[in-house]
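Read off the chains here:
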Amino acid sequence: MAATGILFADYAKHPKPTRLYLDSSFVTTLLFYELNKTNPAILKPKHHDSFAFYQTLLSDGVDLAGSILTYTEVLHHYCFYYPGGMYELAKKYFVTTGTIGGSTAHDKYKTFLKKDPVACDAAWQTIAYRVAATEQFFSNHKIVLRSPLPSPFLTNVTKDVLNYASILKDAFVALEASDCVHLSLAHYLDSDAVATLDLGFLTADSFKVYYTN
Amino acid sequence: MRDLMTEYNMAPEPFETSQRLKSKSRIYKLLGGNPGYVCESYLPTASLGVPSETEICYGADIKAEKFKKVSQWNELYGDLDNRTAFVVIGTTGTVTFDEAPSSPSAYPRFVSGYINQLQKRNQSLESRVGTLESQLAEVQKFLPTIKKLVYEHESALCRVSAVKTELGRKYDPVEAWKIAEERDALSSPPPEDYSELM
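For clarity, every value in this text was computed on a predicted model and none was experimentally measured. (Residues numbered from 1 in each chain as written. Chains lettered and ligands numbered in written order. Predicted model: local features only at pLDDT ≥ 70, side-chain atom pairs only at ≥ 80, totals over all residues. Heavy atoms only, no water.)

1. So, the sheet that holds strand β2 (residues 19–22) of chain A
Residue and element names in this part refer to chain A.
At step 1: Spatially, the six strands line up as an open sheet ordered β1-β6-β5-β2-β3-β4, and their pairing is parallel. The sheet is open, and its two borders are formed by β1 (4–7) and β4 (144–145), each paired with just one other strand.
At step 2: Strand direction decides the pairing type here: strand β3 (residues 63–66) and β4, joined by two bridges, are parallel. Of the residues in β4, the one forming a bridge with Gly66 is Leu145. (Pairing = 2+ DSSP bridges. Helix = DSSP H or I, 4+ residues; strand = E, 2+ residues; numbered from the N terminus.)

Laid out in structure tokens, this is it:
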């Protein structure tokens, strides 16, 4: 048995959710759309689908929920992976110096940081605005980050969330570890469904998943 | 429209009866939006030689003598011969006179109907109070936890505030998105490895 998958385009055919948990793949796609909406040639159907879906949710008054995991993954994506991010800056640095720096983008970044911290920091300062921009993006788009609860007193709740995530990871090969935490948080935050572009979510039982291909 | 409570604070001491009719003291609108405060006594403006007694109604201009804070709201007194009335408007504050009597002889029926109206509202409010009391009892169970959370949060705010002040001087989440739109809009498709990632 798999999750109940609903295409973004079929949203209207199903009961309207009250609260929808947004995973980072969905929010990252939305971010990409917002940054590049003036250049349609860059955008793919999934960007348009995601934005149209987001607008429908907004006009329907659906509570858009995220978590600390949603936020950090989007922030990391924008600061490191998105074109012009730290991985690209590290790559350019090593092209300029004529060295390799490492086999992966992350290795290059780490070597850049270690070998020439002043240049690395200077490179970072050119894109540091992306951090505040990410925060502003969540705020502008009315995506409310509802987890974790801000208290050691509620540690037992966090433990429950992670225990549930572990059980999900144990059961489903297609779910990555962070996907399991997203799904667990979605249930603990009393969300009716999850919005994602990660099709691995569709393998998990007992979840309702809005997605696009 | 004036605020009754404000007017109360500004109003002179109560007048003697003989002074009342002669007094040029303020004419007030009888408002319902001031929970807990009422015009304790008033004269219809007709007594002052202006229009008719049909103005003895909610929202009419009145000459207020004094105001008092009341503990219950379903009270209505009248001294109809003198065309004065004592109306208590309670905690919800909205009292509607659907029909104003055309003459003093119609006052008793009018007053009776009005009292019924107020009594019904009183019942409704008492029921609401019962519901709220039971909800309060539910919430009270969680008060120790809530207090602890608030304490923890306040402690955390103290701990981080110094660091935030120091590091956050150049952090500007207000203009950052505008900068992002200007600098990060792509002019050509992203590299292959990024597209695969997306």
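2. Here we look at a nonpolar patch on the surface
Residues and elements named next belong to chain B.
At step 1: Residues Val139, Phe142, Leu143, Ile146 and Val150 make up a contiguous nonpolar surface patch of about 400 Å² in total accessible area.
At step 2: Ranked by residue count, the leading element in the nonpolar patch is helix α4 (residues 143–167), at three residues.
At step 3: Note on placement: Phe142 falls in the loop between α3 (107–140) and α4.
At step 4: For Phe142, a relative accessible area of 48% corresponds to the partly exposed category. (Patch = residues over 30% accessible without salt bridge, like charges linked within 9 Å, V, L, I, M, F, W, Y side chains within 5 Å. Areas by Shrake-Rupley, 256 points an atom, 1.4 Å probe, with all protein chains shown as cover. Salt bridge = Lys/Arg side-chain N within 4 Å of Asp/Glu carboxyl O. Buried < 20%, exposed > 50% of the residue type's maximum accessible area, 1.4 Å probe, protein only.)

3. Some remarks on the interface of chain A and chain B
Accessible area lost upon the coming together of the parts serves often as the stated size of an interface.
At step 1: With 33 residues of chain A in contact, the opposing surface of chain B contributes 28 residues.
At step 2: For the pair chain A and chain B, the summed buried area comes to about 2,500 Å², and 62% of that belongs to carbon and sulfur atoms.
At step 3: For the pair chain A and chain B, the interface holds eleven residue pairs in polar contact (both at pLDDT 80 or more).
At step 4: At the level of secondary structure, the elements contributing two or more residues to the side of chain A that touches chain B comprise α1 (24–36), α2 (45–59), α3 (68–81), α6 (117–127) and α7 (129–140) of chain A.
At step 5: Looking at the side of chain A that touches chain B element by element, the count peaks at nine residues for α7(A). (Contact = heavy atoms within 4.5 Å. Buried area = accessible area lost by both parts, 1.4 Å probe. Polar contact = N/O pair within 3.5 Å; in protein donor to acceptor, adjacent residues only side chain to side chain.)

4. Some remarks on the packing of α3(A) against helix α9 (residues 177–188) of chain A
Residue and element names in this part refer to chain A.
At step 1: Close contact between α3 and α9 brings their axes to 9 Å; oriented N to C, the two are set at 140°. Classified by the interaxial angle, the pair formed by α3 and α9 is oblique. Along the contact surface, α3 presents Leu69, Thr70 and Glu73, while α9 presents Ser178, Val181 and His182. (Axes fitted to C-alpha atoms, helices over the stretch in contact; angles between N-to-C directions. Parallel < 35°, antiparallel > 145°, perpendicular 65-115°, else oblique.)

Just distances and angles here, no functional claims.
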